[in-house]
Amino acid sequence: MTRIILILMASLSFSTQVLAEEPRSADNPLPQIRMETSEGVIEIMLRPDVAPKTVANFLEYVKSGYYRDTIFHRVIPGFMIQGGGFDRNLARKDTRSPIPNEGSPTLKNLRGTIAMARTGQPHSATSQFFINVVDNPYLNASDNPQKWGYAVFGKVTEGMGVVDAIASTPTSHSGGMADVPREPVTISNITIINSGNAAGN
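What you see is a predicted model, and the numbers here were worked out from it, not measured in a lab.

Engineer: Would you explain the overall build of the protein in this entry?
Structural biologist: Of regular secondary structure, the protein possesses three helices and ten strands. Across the protein, helices and strands are ordered from the amino to the carboxyl terminus as α-β-β-α-β-β-β-β-β-α-β-β-β. A separation of at least 24 residues holds for 69% of the contacts in the protein among residues at least 6 apart in sequence. With the model as given, the accessible surface of the protein reaches about 10,400 Å², and the carbon-plus-sulfur share is 53%.

In structure tokens form, the structure reads like this:
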């Protein structure tokens, strides 16, 4: 009897943890986007319940068509792939104003998560994002207010093979930048396939 109780308690604990990480319900679905790249399709579930301003900012860029024909301009195997700011000619695109850093200990920079790229200033993220190819714990926010980290706002649900393929693309120096794919890896478009509750309400 004691063993059965312990198993039930462990099962309940696991279920609670999963729900805390990925709340899902018919009344409050999470938004999803479809990223079409030259290497294939990546689908990503967003988390406005944890990073509402970040998700809203990202979706505004998506709705405006901003990401159409942009590239992954920084690719580092065993680390991450970064895109959302340059066209095929490595010309930097204009952006809206930076957003507040919503890095949270709740969402960590684990393999397959998408996070906002930024400068050394914590509140400098605009349009650029990266997808973690491996767990990158040193990018995480912490409870220490002095460590902002990099704000995770979703995770890949389909297409990690595509992410890995992009990560293995040969790179070189180009346009004054390192780790640029020798052959452009393009994002032909990003579309919303499930608007969900983008406001996180």
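Engineer: I tried to follow the environment of Leu-59 on my own but got confused; where do I start?
Structural biologist: Structurally, the position occupied by Leu-59 is in helix H2 (residues 52-63). Along the sequence, Leu-59 and Ile-192 sit 133 residues apart, while their C-alpha atoms lie 8.1 Å from each other.

Engineer: Mind showing me how you'd approach the sheet that holds strand E3 (residues 70-76) here?
Structural biologist: Strands belonging to one sheet form pairs held by backbone hydrogen bonds; the direction of such a pair is parallel or antiparallel. If you trace the eight strands once around the closed barrel, you get E1-E2-E7-E5-E6-E4-E3-E10, paired in antiparallel fashion. Averaged over all adjacent pairs, the angle separating strand axes in this sheet is 35 degrees, with direction ignored. The sheet contact formed by strand E5 (residues 113-116) and strand E6 (residues 129-132) spans three bridges and is antiparallel. Across the sheet, residue Ala-115 finds its bridge partner in E6, namely Phe-130. Against the sheet, H2 makes contact with strand E1 (32-37), strand E2 (40-46), E5, E6, strand E7 (152-158) and strand E10 (186-194), and its axis sits at roughly 115 degrees relative to E10, the strand it touches most. Helix H3 (residues 160-167) rests against E1, E2, E3, strand E4 (80-87), E6 and E7 of the sheet, and its axis sits at about 115 degrees to E2.

Engineer: Help me understand the pattern of salt bridges in this model?
Structural biologist: It is possible for side chains of opposite charge to pair when their charged atoms get near one another. Counting across every chain of the model gives five salt bridges. Notably, a salt bridge pairs Arg-34 with Glu-36, separated by 3.7 Å at the nearest N-O pair. Residues Arg-47 and Asp-49 are paired through a salt bridge, measuring 2.7 Å at the closest nitrogen-oxygen approach. Taking relative accessible area as the criterion, Asp-49 reaches 34% and is therefore assigned partly exposed. Look at the salt bridges and you will find they share partners, linking Arg-34, Glu-36 and Glu-43 into a network.

Engineer: Just to check I follow, could you spell out the packing of aromatic side chains for this structure?
Structural biologist: The geometry of an aromatic ring pair comes down to the distance between the two centres and the angle between the two planes. Scanning the model with the defined rule gives ten aromatic pairs in all. Aromatic side chains Tyr-66 and Tyr-67 sit 5.4 Å apart centroid to centroid with 90 degrees between the ring planes, which places their arrangement in the edge-to-face category. An identical accessibility class is assigned to Tyr-66 and Tyr-67; each is buried. Feature note: the residues Phe-58, Tyr-61, Tyr-66, Tyr-67, Phe-72, Phe-129 and Phe-153 constitute an aromatic cluster, connected by ring pairs. Of note, Lys-93 hangs over the ring of Tyr-66, and the distance from its end group to the ring centre comes to 4.3 Å. The ring of Tyr-150 has Arg-118 sitting right over it, with the charged end atom 4.0 Å from the ring centre.

Engineer: Is there a simple way to think about the side chain of Ser-124 in this case?
Structural biologist: The residue Ser-124 is located in the loop between E5 and E6 in this model. For Ser-124, a relative accessible area of 17% corresponds to the buried category. Within the structure, the side chain of Ser-124 is placed 2.9 Å from the side chain of Thr-119, a separation counted as a polar contact. Of note is the side chain of Ser-124, whose polar atom sits 2.7 Å from the backbone oxygen of Gln-121.

Engineer: So what exactly am I meant to see when it comes to H3 here?
Structural biologist: An α-helix turns once every 3.6 residues. As a result, residues three or four positions apart point the same way. Residues Met-160, Val-162, Val-163, Ile-166 and Ala-167 constitute the buried set of H3. Taken down its axis, H3 places every buried residue within 155 degrees of arc, on the same side. Elements in contact with the buried residues of H3: E1, E2, E3, E4, E6 and E7.

So, how was this worked out
- Residues numbered from 1 in each chain as written.
- Predicted model: local features only at pLDDT ≥ 70, side-chain atom pairs only at ≥ 80, totals over all residues.
- Heavy atoms only, no water.
- Helix = DSSP H or I, 4+ residues; strand = E, 2+ residues; numbered from the N terminus.
- Contact = heavy atoms within 4.5 Å.
- Areas by Shrake-Rupley, 256 points an atom, 1.4 Å probe, with all protein chains shown as cover.
- Pairing = 2+ DSSP bridges.
- Axes fitted to C-alpha atoms, helices over the stretch in contact; angles between N-to-C directions.
- Salt bridge = Lys/Arg side-chain N within 4 Å of Asp/Glu carboxyl O.
- Buried < 20%, exposed > 50% of the residue type's maximum accessible area, 1.4 Å probe, protein only.
- Phe/Tyr/Trp six-rings, centres within 6.5 Å; stacked < 30°, edge-to-face > 60°.
- Lys NZ or Arg CZ within 6 Å of the ring centre and 35° of its normal.
- Polar contact = N/O pair within 3.5 Å; in protein donor to acceptor, adjacent residues only side chain to side chain.
- Arc of directions from axis to C-beta.

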